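Remarks on the overall topology
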Amino acid sequence: MADFTAGRAAYLQIADEFKRKIRDGELAPGDKLPSEAQLMTEHGVSRTVARQAISRLREDGYAISHQGKGSFAALPGEGASTKRSPEFEQITEYLSEVRRDVRRLAERMDQLEDLVRQRSAEQ
């Protein structure tokens, strides 16, 4: 289990844990990854954090998701086309920037939610 007190975002720690398991062969390509609900329970995180972890795995090529079926382990580069147009590369880069911005906003929302919970508990 990840140590969420280490100063690194929880979703990154969870994603790194699964990347390591995939690289080390503990999870083989095609193995089903835990659902968001399972990640929430196992790691004690919010749905947003669980969703971000799975999203990061997809972005980095370590997961493939199928709607209604879940996410599955993959190795980066498997099944990826090596020939891409410049337009495709531009769109991909733009989408990566948008994803990073959305992740930052979600992290800020998590921080604000934590702050509100702390203040509510103090009252």
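In this report, the structure presented in the accompanying data block is examined. Computed from a prediction, not measured in an experiment: that's the story for all the values here. (Residues numbered from 1 in each chain as written. Predicted model: local features only at pLDDT ≥ 70, side-chain atom pairs only at ≥ 80, totals over all residues. Heavy atoms only, no water.)

What to know about the overall build of the chain
Looking only at helices and strands, the chain features four helices and two strands. For the chain, the sequential pattern of α-helices and β-strands runs α-α-α-β-β-α. Counting only contacts in the chain whose residues sit at least 6 apart along the sequence, the fraction spanning at least 24 positions is 57%. Of the roughly 8500 Å² of accessible surface on the chain, a fraction of 51% belongs to carbon and sulfur atoms. (Helix = DSSP H or I, 4+ residues; strand = E, 2+ residues; numbered from the N terminus. Contact = heavy atoms within 4.5 Å. Areas by Shrake-Rupley, 256 points an atom, 1.4 Å probe, with all protein chains shown as cover.)

Some words on the pairing of strand β2 (residues 70–73)
In the sheet, strand β1 (residues 63–66) pairs with β2 via four bridges, with the strands oriented antiparallel. When the sheet's bridge partners are listed, Ala63 is paired in β2 with Ala73. What sits between the antiparallel neighbours β1 and β2 is a turn of three residues, in which Gly68 has the positive phi angle 85°. (Pairing = 2+ DSSP bridges.)

A word on helix α2 (residues 36–43)
Listing the buried residues of α2 in full gives Glu36, Leu39 and His43. An end-on view of α2 places all buried positions within 60° of arc, on one side of the element. Among the structural elements, α1 (10–23) and α3 (47–59) are those in contact with the buried residues of α2. In the segment just after α2, Gly44 is the residue with positive phi, at about 65°. (Buried < 20%, exposed > 50% of the residue type's maximum accessible area, 1.4 Å probe, protein only. Arc of directions from axis to C-beta.)

A closer look at the packing of aromatic side chains
Going through the model one piece at a time under the given rule, you end up with zero aromatic pairs. Positioned over the ring face of Phe72 is Lys32, at 5.7 Å from the centre of the ring. (Phe/Tyr/Trp six-rings, centres within 6.5 Å; stacked < 30°, edge-to-face > 60°. Lys NZ or Arg CZ within 6 Å of the ring centre and 35° of its normal.)

Considerations on the environment of Phe72
With respect to the secondary-structure elements, Phe72 resides in strand β2. On a C-alpha basis, the gap between Phe72 and Tyr62 in space is 8.3 Å, while along the polypeptide they are ten residues apart.

So, the packing of α1 against α3
Contact geometry of α1 with α3 gives a least axis separation of 8 Å together with a crossing angle of 45°. Comparing their axes, α3 and α1 come out oblique. Note on packing geometry: the crossing formed by α1 with α3 is right-handed. Packed against α1, whose contacting residues are Ala10, Tyr11, Leu12, Ile14, Ala15, Phe18 and Lys19, the element α3 presents Val49, Gln52, Ala53, Arg56 and Leu57 at the interface. Tallied by class, the residues present in the contact of α1 with α3 amount to nine nonpolar, one polar and two charged. (Axes fitted to C-alpha atoms, helices over the stretch in contact; angles between N-to-C directions. Parallel < 35°, antiparallel > 145°, perpendicular 65-115°, else oblique. Left-handed = near helix turned anticlockwise from the far one by under 90°. Nonpolar A, V, L, I, M, F, W, Y, C, P; charged D, E, K, R; others polar.)

Concerning a nonpolar patch on the surface
A contiguous nonpolar surface patch, about 460 Å² in accessible area, is contributed by Ile91, Tyr94, Leu95, Val98 and Val102. Inspection of the secondary structure assignment puts Val98 in helix α4 (residues 86–122). (Patch = residues over 30% accessible without salt bridge, like charges linked within 9 Å, V, L, I, M, F, W, Y side chains within 5 Å. Salt bridge = Lys/Arg side-chain N within 4 Å of Asp/Glu carboxyl O.)

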